[in-house]
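Structural overview
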Amino acid sequence: MAYEMSSMKHVGAHPFNHNQSHEAEREYDRLRDLARQEAAKRSSCFDKAHQAYERGDAGAAHALSDDGKRHGAQMEAYNRQASEFIFRENNAEGRVASDTIDLHGQFVEEAEDILEERIRYAQSTGQTHLHVIVGKGNHSPHHIQKIKPRVEKVCQELGLQYQTEANEGRIFINLTGGPAHSPPPTHAGGQQYPPAHSVYPGAQQQHHQGHRPQHQQAHGHQGQNDEVEKIVKKLLPRILRKLEKQCCVVM
């Protein structure tokens, strides 16, 4: 692995953008902390392996290197679980508007991949804009926003216009290629889009079925929850490949 977990910044006490239970916050912090511990063990093993190699003990060097790789794999597993957990919590049904995605608590590389996938899906389903919750950096070292610059970079690479909203922790993206003029808030009965976590084909079918009996709507909500699982499973391999190549910072 080429990156160091020591360069990853802890999100602080508020990785969630909603009023979550203390248990949820503790679980997220527990997973990230376990990942950091595994990263420290990995670095220690690699350092010892280098020392063993320098003194000519190839057998010990090989064994320590293997130990380091195992700790690295465990580190990735804990980070994967944390990314899944925070994404589900912050983008659950009813917690964000249908034209909004919340990237709180993600490492920069994780947030980038999630955003790119969301934009592709939004454009493929005719959505005209997207609000991205990036956080104000209040819980980052020196209050520096980490995810916002990467969101802006993604927009620039895709040729999309964007602007920071009145709430500086949000960015408005025009998905049509036009100027980024933030629309008024969506009201009941107005234009609606699939939920933030519905970024896969099939979700739009639920969106266009209109009003349904209550038991059918409940089934639709279950389908939307299934979409959360789909995005997590699809994006994680790409996220992990990027994490192997470069450092990540959490907002």
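The structure displayed is predicted, hence computed values, not measured ones.

On to the overall build of the chain, then. Scanning the chain from terminus to terminus reveals six helices and four strands. Ordered by position from N to C terminus, the α and β elements of the chain give α-α-β-α-β-α-β-β-α-α. Relative to all contacts within the chain whose residues are 6 or more apart in sequence, the contacts with residues 24 or more apart total 71%. Taken as a whole, the chain presents about 12600 Å² of accessible surface, with 50% of it coming from carbon and sulfur.

In the sheet, strand 3 (residues 161-164) pairs with strand 4 (residues 170-174) via four bridges, with the strands oriented antiparallel. Within the sheet, the bridge partner assigned to Gln 163 lies in strand 4 and is Phe 172. A loop of five residues connects strand 3 with strand 4, the two strands running antiparallel in sequence.

The next point concerns the packing of helix 3 (residues 108-124) against helix 4 (residues 147-158). Two elements in contact, helix 3 and helix 4, have axes separated by 10 Å at closest approach and are oriented at 40°. Relative to helix 4, the element helix 3 is oriented oblique. Crossing angle aside, the handedness with which helix 3 passes helix 4 is right-handed. Contacts between helix 3 and helix 4 involve Val 108, Glu 109, Ala 111, Glu 112, Leu 115, Glu 116 and Ile 119 from the first element and Ile 147, Arg 150, Val 151, Val 154 and Leu 158 from the second. Along the lines of polarity and charge, the residues of the contact of helix 3 with helix 4 split into eight nonpolar, no polar and four charged.

Each packed pair of helices is defined by two parameters, the angle between the axes and the distance between the axes. Viewed as axis vectors pointing N to C, helix 1 (residues 22-54) and helix 2 (residues 58-90) meet at an angle of 165°, and their least axial separation amounts to 8 Å. In terms of axis orientation, helix 1 runs roughly antiparallel to helix 2. For helix 1 against helix 2, the interelement crossing comes out left-handed. Across the contact of helix 1 with helix 2, the residue classes break down as 19 nonpolar, eight polar and nine charged.

Mapped onto the fold, Ser 65 is located in helix 2. Accessibility expressed as a relative area gives 21% for Ser 65, which makes it partly exposed. Counting along the chain gives 18 residues from Ser 65 to Asp 47, while the straight-line C-alpha distance between them is 8.9 Å. Filtering out sequence-adjacent residues up to four positions away, Ser 65 remains in contact with Phe 46 and Ala 49.

Sheets are built from strands that pair by backbone hydrogen bonding, the pairs being arranged parallel or antiparallel. If you trace the four strands from one edge of the open sheet to the other, you get 1-2-4-3, paired in mixed fashion. Because the sheet does not close on itself, it has two edges, and the strands there are strand 1 (100-102) and strand 3. Geometrically, the sheet is characterised by an average inter-axis angle of 20° between neighbouring strands, direction not taken into account.

All chains considered together, the criterion is met by zero aromatic pairs. Over the aromatic face of Phe 107 sits the side chain of Arg 32, whose NZ or CZ is 3.8 Å from the ring centroid.

What counts and how
Residues numbered from 1 in each chain as written. Predicted model: local features only at pLDDT ≥ 70, side-chain atom pairs only at ≥ 80, totals over all residues. Heavy atoms only, no water. Helix = DSSP H or I, 4+ residues; strand = E, 2+ residues; numbered from the N terminus. Contact = heavy atoms within 4.5 Å. Areas by Shrake-Rupley, 256 points an atom, 1.4 Å probe, with all protein chains shown as cover. Pairing = 2+ DSSP bridges. Axes fitted to C-alpha atoms, helices over the stretch in contact; angles between N-to-C directions. Parallel < 35°, antiparallel > 145°, perpendicular 65-115°, else oblique. Left-handed = near helix turned anticlockwise from the far one by under 90°. Nonpolar A, V, L, I, M, F, W, Y, C, P; charged D, E, K, R; others polar. Buried < 20%, exposed > 50% of the residue type's maximum accessible area, 1.4 Å probe, protein only. Phe/Tyr/Trp six-rings, centres within 6.5 Å; stacked < 30°, edge-to-face > 60°. Lys NZ or Arg CZ within 6 Å of the ring centre and 35° of its normal.

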